[in-house]
2 protein chains.
Amino acid sequence: MKWRSIRLSHWPSRSAIPNHNNPCQHTRRHNSTPRISTPNIATILTTEPTGDRQSIRVAGSVRTIRKQKHRSFLELGDGSTTHSLQAVLEPHQADGLGTGTSIEITGLWQPAPIGKEQKNELKVENIRILGRADAEKYPIQKKYHSAEYLRNLPHLRLRTPHNALLARMRSECDFCFAKYFRDRHFVRLQPPIITSSDCEGAGEVFTVSSNPPAASTKDDVAPLQDNDAAFFRDPKFLTVSSQLHLEAFVNEHQKVWTLSPTFRAERSDTPRHVSEFWMLEAEIRTESLQEVMDLVEDMIRSLTLHLYGSGFTEELIHVRRGSNPPDTIGDAYHSGLLDQRWQGLMRSSWPRITYRNAMKRLQDAIESKEVKFQYQPLWATGLQLEHEKYLAATVGNGSPVFVTDYPNEIKPFYMLPSTMKAEKLSEHKTVACFDLLLPGMCEVVGGSLREHRLQSLTQAMRDHGLNVSDESTLSVVKNADVSPSAEKGNLDWYVDLRRYGSVPHGGFGLGFDRLLGYLAGISNIKDVIPWPRYYGRCDC
Amino acid sequence: MKWRSIRLSHWPSRSAIPNHNNPCQHTRRHNSTPRISTPNIATILTTEPTGDRQSIRVAGSVRTIRKQKHRSFLELGDGSTTHSLQAVLEPHQADGLGTGTSIEITGLWQPAPIGKEQKNELKVENIRILGRADAEKYPIQKKYHSAEYLRNLPHLRLRTPHNALLARMRSECDFCFAKYFRDRHFVRLQPPIITSSDCEGAGEVFTVSSNPPAASTKDDVAPLQDNDAAFFRDPKFLTVSSQLHLEAFVNEHQKVWTLSPTFRAERSDTPRHVSEFWMLEAEIRTESLQEVMDLVEDMIRSLTLHLYGSGFTEELIHVRRGSNPPDTIGDAYHSGLLDQRWQGLMRSSWPRITYRNAMKRLQDAIESKEVKFQYQPLWATGLQLEHEKYLAATVGNGSPVFVTDYPNEIKPFYMLPSTMKAEKLSEHKTVACFDLLLPGMCEVVGGSLREHRLQSLTQAMRDHGLNVSDESTLSVVKNADVSPSAEKGNLDWYVDLRRYGSVPHGGFGLGFDRLLGYLAGISNIKDVIPWPRYYGRCDC
């Protein structure tokens, strides 16, 4: 009996099913299709055994094993599902197996005896041990492990059903966004990670330098005379946002986006901050802030609906129920919360409220003694977390809430003044921007229209204390071998975008990890990211 | 006459066409679909005018304008196509327009008079200037600009038709790979950029440090006492490869991949090297090196076939013809080369040759005086670029060539010994690895089976001078608040993957930018990357 033929006939992988809408599938014209498909456990569990004695082969790791006198019961798992496949073994077949052991089983996939929890089970014919694990020393035991404990083992916590599910969900979100934007003719960019500018002048940036020249093994390259920071001639940073670079593409491409890593050297340790995170950023040609918000709303709702329809909520709830092995990510989770969140995201027409009206609402709430805040809501100090939480809870009624048109003095230089009539008439000037607040989590998206007019931008930059040249970077290029971002001040190139054929545009940045945490019901972002980097920690 | 209704009826965006296979499209259940679609020039050019006088609105930038006495002719461009849309204006409508000006035109889309080069043209009714550009100062004129000149203006060269095409092609490659892997049940990962290990011990890494604590504005965070490198307690680097992190996921997920930024602080200035590039890496459970190569071959061929079918070759050739404005990226390009390359990639069954046989072939070629090399091909020194070029040209016959089973002494510690019988029997030991050589470009993919056995791995690490602990990182976690990658030696976590339930696996890394350059016929990788970072340069 040959395994390959059985596998191919009984377990078609998704890619084996003809898909005429697939633009990237020309494989079958050729005869070298890779033979890498092995049925994963998710596929097997959703397949009914046929009447025949049906042999299958499956690989995975032992989640638990119960050794009994006459037979043993093994829960086999892999990353494809939070559910386990139950295998029934003769006692001698269980030798050397323990939690964490990697094995390959061949056996009969058959209906389980009536009364069992699972519908089908695998009667083991043969077991091959791929990788042993000392069951006593294996760090992930069949018991409750705190999130803090697991955070110390990022390389192994990946193997818990919960973390494996999060990786799969992250992957699906990534693809879903990619498809969403491509369907709408966006161009996906890979913006630079090492940059010359620190975007918002926030200061909390990582600096990049190269190793000492001695480490170079190339003898055709002269070693540097001065210190190693000069690899790029002047100090360079890890990007804190790709917005400015994305803006440079809007002239040609109209609609662009990226999902790429972003860095902040923040020393604060909160459940919402890490030093390295992935940000989804988009810029579009538009004169309407509403249009930017429409895009954000539609994009997140599309994602949520897709994940909901794909069974991720079921798995998120299943994995929390404890089961085998008990597995939670130390979260104050209750069963209804997740459903509430998802329903809120799937509802249409998320409320939009101006900062001005939000302030009124907060003040009214204080006056009517509906709520007490630690911080007084004041026009010029922005919204505190407690204010955001109150607004998300009361304005949104479970849905996210857009707060728009913040005071210009608390926002970066690149934002366009408000375009709403009521805002334009007011004495306290505001800008055409928004934050999207999620109930319980708060800000997850921030966006604005960008100042596209040359004079207004340079004025705004000077008002914010930035150095702006009156000249195009072209004169630099003409006169010397220096980069447009160096001696002449590091944002002249950004001003150039307005000097030559500017267009009205706007965009936003979404904290991808925060959104994932919100969808997964995980309160600490460090537990959504496989290898989180934060103040004091950068493991592996 | 309302523009919106005309746009929607005449110019359906791709997303407006029902697509029942689209997993991420639930938008139409809701009424807040964003109204961000404007017909781009590619869409308009492929649409025949109807018999009616059909008004359209289109935005773009002026590529050139010819002002004549009775009428003016304007070539309008955007990033959607390398072709221009020709607009016909009354003389007074051309006021203030010059190369680089951003405009929005409303007009009649109608057949051009017989004898004209273009089939249809836009008779302008109204022009709105969105962003002026001083035509004389605008750095991208209607003339030849050298690649070196344009490299000094990364923020503006994006607007040349050639660079706009490259951005669009990069975007399509990204999506095509994403779809390819998802169809095959791969999980896409976002591996860490800041890492503790330098993977191959190459030494040419960038070091990351944070700004001085003074920059922190949070007063609830105590400033550090010692130097700022201590943000993560010990020195951290920008990743040189995500392979080791990907390997950690293989136990659960069987098939994983990533496309993410990678860094090398190499001081060499060659057309094939930059300091920041995107690498596509994958790891799969397998015991067969052939299977890894099958995957690489199928993946690249699928991509090429898709791009070929989508008209990218036509555009690449069109944009090189000069036309409007003349636009090349300073390349020794001849018209047949591109087609040769693409045909070679689309052929099936790329040749595979062992390093051992490749050596013989090189030596035979020298002996038969077929070729002269600057460097003698020697077993222990690896293949030089000239050797790779010869092999790619003679073995591949236009197709890429896999060279497999290199000597273990010139390869990293993590590679599995060769599995081929002939190799195992030989005195000169080799490892189960491959390089994929592209004709003219040379190495673009490298891969191997990974050493998955605990004892063999630790031995190999010691042989390579790496510090390996005999203990699991678990003891560290139990005993103190230190990370598994710090005091105990920074690769213990990687050894742990073999200590607990290891599985046979292999994988590869593909230089995404190099492949793109190969497909686009661009010899210097710096001209494929929008904002290239290399020794001495990091603009914007």
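Residues numbered from 1 in each chain as written. Chains lettered and ligands numbered in written order. Predicted model: local features only at pLDDT ≥ 70, side-chain atom pairs only at ≥ 80, totals over all residues. Heavy atoms only, no water.

> Lay out the overall build of chain A in plain terms, naming residues and giving numbers.
Helix and strand counts for chain A stand at 16 helices and 18 strands. In chain A, of all internal contacts separated by at least 6 residues, the share reaching a separation of at least 24 is 71%. Here chain A displays about 20900 Å² of accessible surface, and carbon together with sulfur accounts for 49% of that area. (Helix = DSSP H or I, 4+ residues; strand = E, 2+ residues; numbered from the N terminus. Contact = heavy atoms within 4.5 Å. Areas by Shrake-Rupley, 256 points an atom, 1.4 Å probe, with all protein chains shown as cover.)

> Kindly report on the nonpolar core, identifying the contributing residues and their values.
Of all hydrophobic cores here, the largest spans 110 residues; its most connected members are Met169, Ile300 and Phe508 of chain A together with Met169, Ile300 and Phe508 of chain B. Non-local contacts of Met169 of chain B, meaning those with residues more than four positions away in its chain, are made with Leu307, Phe312, Leu316, Trp342, Leu516, Leu519 and Ala520 of chain B. (Core = buried A, V, L, I, M, F, W, Y, C linked by side-chain atoms within 4.5 Å. Buried < 20%, exposed > 50% of the residue type's maximum accessible area, 1.4 Å probe, protein only.)

> Help me get a handle on the sheet that holds strand E3 (residues 85-89) of chain B, residues and values and all.
Residue and element names in this part refer to chain B. Read around the closed barrel, the five strands follow the order E1-E2-E3-E5-E4; overall the barrel is mixed. Averaged over all pairs of adjacent strands, the angle between strand axes in this sheet comes to 55°, irrespective of strand direction. Direction of pairing for strand E2 (residues 72-77) relative to E3: antiparallel, over a ladder of five bridges. For Ser72, the partnering residue across the bridge sits in E3 and is Leu89. (Pairing = 2+ DSSP bridges. Axes fitted to C-alpha atoms, helices over the stretch in contact; angles between N-to-C directions.)

> So what about the sheet that holds strand E7 (residues 194-195) of chain B? Which residues, and what values?
Remark on secondary structure: sheet strands pair via backbone hydrogen bonds, oriented parallel or antiparallel. Spatial strand order, E7(A)-E9(A)-E8(A)-E8(B)-E9(B)-E7(B): six strands in an open sheet with antiparallel pairing. Edge strands, defined here as strands with exactly one partner in the open sheet, are strand E7 (194-195) of chain A together with E7 of chain B. By the bridge criterion, two bridges tie E7 of chain A to strand E9 (residues 236-238) of chain A in an arrangement that is antiparallel. Each residue of the ladder has a partner; that of Thr195 of chain A, found in E9 of chain A, is Phe237 of chain A.

> Account for the environment of Thr354 of chain B, with residues named and values stated.
All names here are of chain B. Looking at the secondary structure, you find Thr354 in strand E12 (residues 352-354). Along the backbone, Thr354 and Glu423 are 69 residues apart, and their C-alpha atoms lie at a distance of 9.0 Å. With residues near it in sequence (within four places) discarded, Thr354 still touches Val403, Thr404, Asp405, Met420 and Glu423. A polar contact of 3.1 Å, which involves the side chain of Thr354, links it to the backbone nitrogen of Asn357. (Polar contact = N/O pair within 3.5 Å; in protein donor to acceptor, adjacent residues only side chain to side chain.)

> Report on the packing of aromatic side chains, specifying residues and quantitative values.
This model, assessed by the stated rule, comprises 41 aromatic pairs over all chains. Here the aromatic rings of Tyr180 of chain B and Phe181 of chain B are separated by 5.4 Å at their centres, their planes lie at 85°, and the arrangement is edge-to-face. Pairwise contacts between aromatic rings join Phe249, Phe413, Tyr414, Trp493 and Tyr494 of chain A together with Trp531 of chain B into one cluster. Lying over the aromatic face of Tyr494 of chain A, Arg498 of chain A brings its terminal NZ or CZ to 4.2 Å of the ring centre. The residue whose ring lies beneath Lys526 of chain B is Tyr534 of chain B, and the NZ or CZ to ring-centre distance is 4.7 Å. (Phe/Tyr/Trp six-rings, centres within 6.5 Å; stacked < 30°, edge-to-face > 60°. Lys NZ or Arg CZ within 6 Å of the ring centre and 35° of its normal.)

> An account of helix H8 (residues 312-320) of chain A is needed here, citing residue identities and associated values.
The element H8 of chain A is extensively covered by neighbouring structure, given that seven of its nine residues are classed as buried. For H8 of chain A, the complete set of buried residues consists of Phe312, Thr313, Glu315, Leu316, His318, Val319 and Arg320 of chain A.

> Account for a positive patch on the surface, with residues named and values stated.
All names here are of chain A. Side chains of Arg53, Arg66, Arg71, Lys116, Lys123 and Lys142 sit close together on the surface and give a patch of like positive charge. Here Arg66 shows up in strand E1 (residues 55-67). By relative accessible area, Arg66 is classed as partly exposed at 44%. (Patch = residues over 30% accessible without salt bridge, like charges linked within 9 Å, V, L, I, M, F, W, Y side chains within 5 Å. Salt bridge = Lys/Arg side-chain N within 4 Å of Asp/Glu carboxyl O. Lys, Arg positive; Asp, Glu negative; His and termini not counted. Charge placed at Lys NZ, Arg CZ, Asp CG, Glu CD.)

> Break down helix H5 (residues 161-183) of chain B for me, with residues and values.
Residue and element names in this part refer to chain B. Taking 1.5 Å of rise per residue, the 23 residues of H5 would be expected to cover 33 Å, and the 33 Å separating its terminal C-alpha atoms lies within 8% of that figure. Taking burial as the measure, the 23 residues of H5 include 23 buried ones, the bulk of the element. Of the residues flanking the end of H5, it is His185, one or two places downstream, whose phi is positive at about 65°. (Expected span 1.5 Å × (residues − 1).)

> Account for the pattern of salt bridges, with residues named and values stated.
Two side chains bearing opposite charge may form a pair once their charged atoms approach each other closely. Residue and element names in this part refer to chain B. Scanning the model with the defined rule gives 48 salt bridges over all chains in all. The partner of Arg188 in a salt bridge is Asp174, and the shortest N-O contact between them spans 3.8 Å. With Arg188 in strand E6 (residues 187-188) and Asp174 in helix H5, this residue pair connects regions lying 14 residues apart in the sequence.

> I'd like a description of the side chain of Glu283 of chain B, backed by residues and values.
Residue and element names in this part refer to chain B. Assignment of secondary structure puts Glu283 in strand E11 (residues 276-285). Look at Glu283 and you get buried, because its relative accessible area is 1%. A distance of 2.5 Å separates polar atoms of two side chains, one belonging to Glu283 and the other to Arg450.

> How would you sum up the pairing of strand E14 (residues 433-438) of chain A? Please name residues and give values.
All names here are of chain A. Taking burial as the measure, the six residues of E14 include six buried ones, the bulk of the element. Bridge analysis of strand E13 (residues 401-404) against E14 gives four bridges, and the strand direction is antiparallel. Bridge pairing links Thr404 to Phe434 in E14. As defined by bridge partners, E14 adjoins strand E15 (residues 442-450) across six bridges and the pair is classed as antiparallel. Bridge pairing links Cys433 to Ser448 in E15. Hairpin geometry of E14 and E15 is characterised by an intervening segment of three residues between the two adjacent antiparallel strands and by a positive phi of about 85° at Gly440.

> So what's going on with the state of the cysteines? Which residues, and what values?
Residues and elements named next belong to chain A. Evaluated as defined, the whole model comprises zero disulfides over all chains. No disulfide involves Cys538; its sulfur sits 8.7 Å from the nearest other cysteine sulfur, which is in Cys540. What makes Cys538 buried here is its relative accessible area of 2%. (Disulfide = S-S within 2.5 Å.)

> Explain the environment of Glu136 of chain A to me, and be specific about the residues and the numbers.
One can find Glu136 of chain A in the loop between strand E5 (120-131) and helix H3 (147-151). Along the primary structure Glu136 of chain A and Thr99 of chain A are separated by 37 residues, whereas in three dimensions their C-alpha atoms are 8.7 Å apart.

> Any details on the pairing of strand E2 (residues 72-77) of chain A? Residues and values, ideally.
All names here are of chain A. Of all six residues making up E2, six are buried, and the element is well covered by its neighbours. Of the two faces of E2, the one holding Ser72, Leu74 and Leu76 and the one holding Phe73, Glu75 and Gly77 are both buried throughout. Examined bridge by bridge, E1 and E2 share six bridges and lie antiparallel to one another. Residue pairing in the sheet places Val62 in a bridge with Leu76 of E2.

> So what about the packing of H5 of chain B against helix H7 (residues 289-309) of chain B? Which residues, and what values?
Residues and elements named next belong to chain B. In the contact formed by H5 and H7, the axes pass within 10 Å of each other and the chain directions differ by 130°. Taken together, H5 and H7 sit at an angle that is classed as oblique. Between H5 and H7 the crossing geometry is right-handed. Facing Met169, Glu172, Cys173, Cys176, Phe177, Tyr180 and Phe181 of H5, the residues of H7 in contact are Leu295, Asp298, Met299, Ser302, Leu303, His306 and Leu307. (Parallel < 35°, antiparallel > 145°, perpendicular 65-115°, else oblique. Left-handed = near helix turned anticlockwise from the far one by under 90°.)

> Outline the environment of Leu438 of chain A, listing residues and values.
Residue and element names in this part refer to chain A. In this structure, Leu438 sits in strand E14. A relative accessible area of 0% places Leu438 in the buried class. Non-local contacts of Leu438, meaning those with residues more than four positions away in its chain, are made with Leu345, Ala392, Pro400, Val444, Leu515 and Tyr518.

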